[in-house]
Amino acid sequence: SSGINAEYGRNRAVFQPILGYYLSNGVMCLPSHINPDIFVEELRFFKMGPHVISRFAVQQASSQWYINNTYHFCHPIQKKIWICLDNPDSGPSAKVIAYLDLAIILIAVVAQCVESLPQI
């Protein structure tokens, strides 16, 4: 699957960063799996305006564009927590949190099933 929407001929993976641009008041996030040329083409399709396109082209490698799925955080610990929760393979503490999360979900499901059993 190339991520191209057959009905409209648009790349679906590019829509989320463009929506994020509007929701974050102008912070552009280019995921690493999207080709920058395709991204610029989609920016033109969505009529983002020459100021956004030229700013992206000039500052693509700048930290202002938060490339490779990184985001702007006010404090470094926020970034560590985000990475830990977002990617279980980012370190041993992330794996522990992922397993703990899974265990809590399983306990909740089992508790719900036990509550629904008829009384004996």
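Refer to the structure above for everything that follows.
Just so you know, these numbers come straight off a predicted model, no measurement behind them.

Draft legend 1. Fine view of the nonpolar core. Met28, Phe39, Leu43, Met48 and Phe56 are the most contacted members of the largest nonpolar core, which has 13 residues in total. For this core, the elements supplying multiple residues, two or more each, are helix H1 (12-23), helix H2 (36-45) and helix H3 (50-59). In contact with Met48, other than residues within four places in its own chain, are Ile18, Tyr21, Tyr22, Met28 and Leu43.

Draft legend 2. The pattern of salt bridges, seen in detail. What the rule picks out here adds up to one salt bridge. Here Asp89 and Lys95 are joined by a salt bridge, their closest N and O atoms 3.1 Å apart. With relative accessibility at 61%, the residue Asp89 sits in the exposed group.

Draft legend 3. View of the packing of aromatic side chains. A full pass over the atoms with the stated rule returns three aromatic pairs. Between Tyr21 and Tyr22, the ring centres sit 5.4 Å apart and the planes meet at 80°, which makes this aromatic pair edge-to-face. Residue class for Tyr21 comes out buried when judged on its relative accessible area of 12%. Taking the centre distance of 5.1 Å and the plane angle of 80° together, the rings of Phe45 and Phe46 count as edge-to-face. Residue class for Phe46 comes out partly exposed when judged on its relative accessible area of 29%. One aromatic cluster is present, formed by Phe15, Phe45 and Phe46 through successive ring pairs.

Conventions and cut-offs
Residues numbered from 1 in each chain as written. Predicted model: local features only at pLDDT ≥ 70, side-chain atom pairs only at ≥ 80, totals over all residues. Heavy atoms only, no water. Core = buried A, V, L, I, M, F, W, Y, C linked by side-chain atoms within 4.5 Å. Buried < 20%, exposed > 50% of the residue type's maximum accessible area, 1.4 Å probe, protein only. Helix = DSSP H or I, 4+ residues; strand = E, 2+ residues; numbered from the N terminus. Contact = heavy atoms within 4.5 Å. Salt bridge = Lys/Arg side-chain N within 4 Å of Asp/Glu carboxyl O. Phe/Tyr/Trp six-rings, centres within 6.5 Å; stacked < 30°, edge-to-face > 60°.

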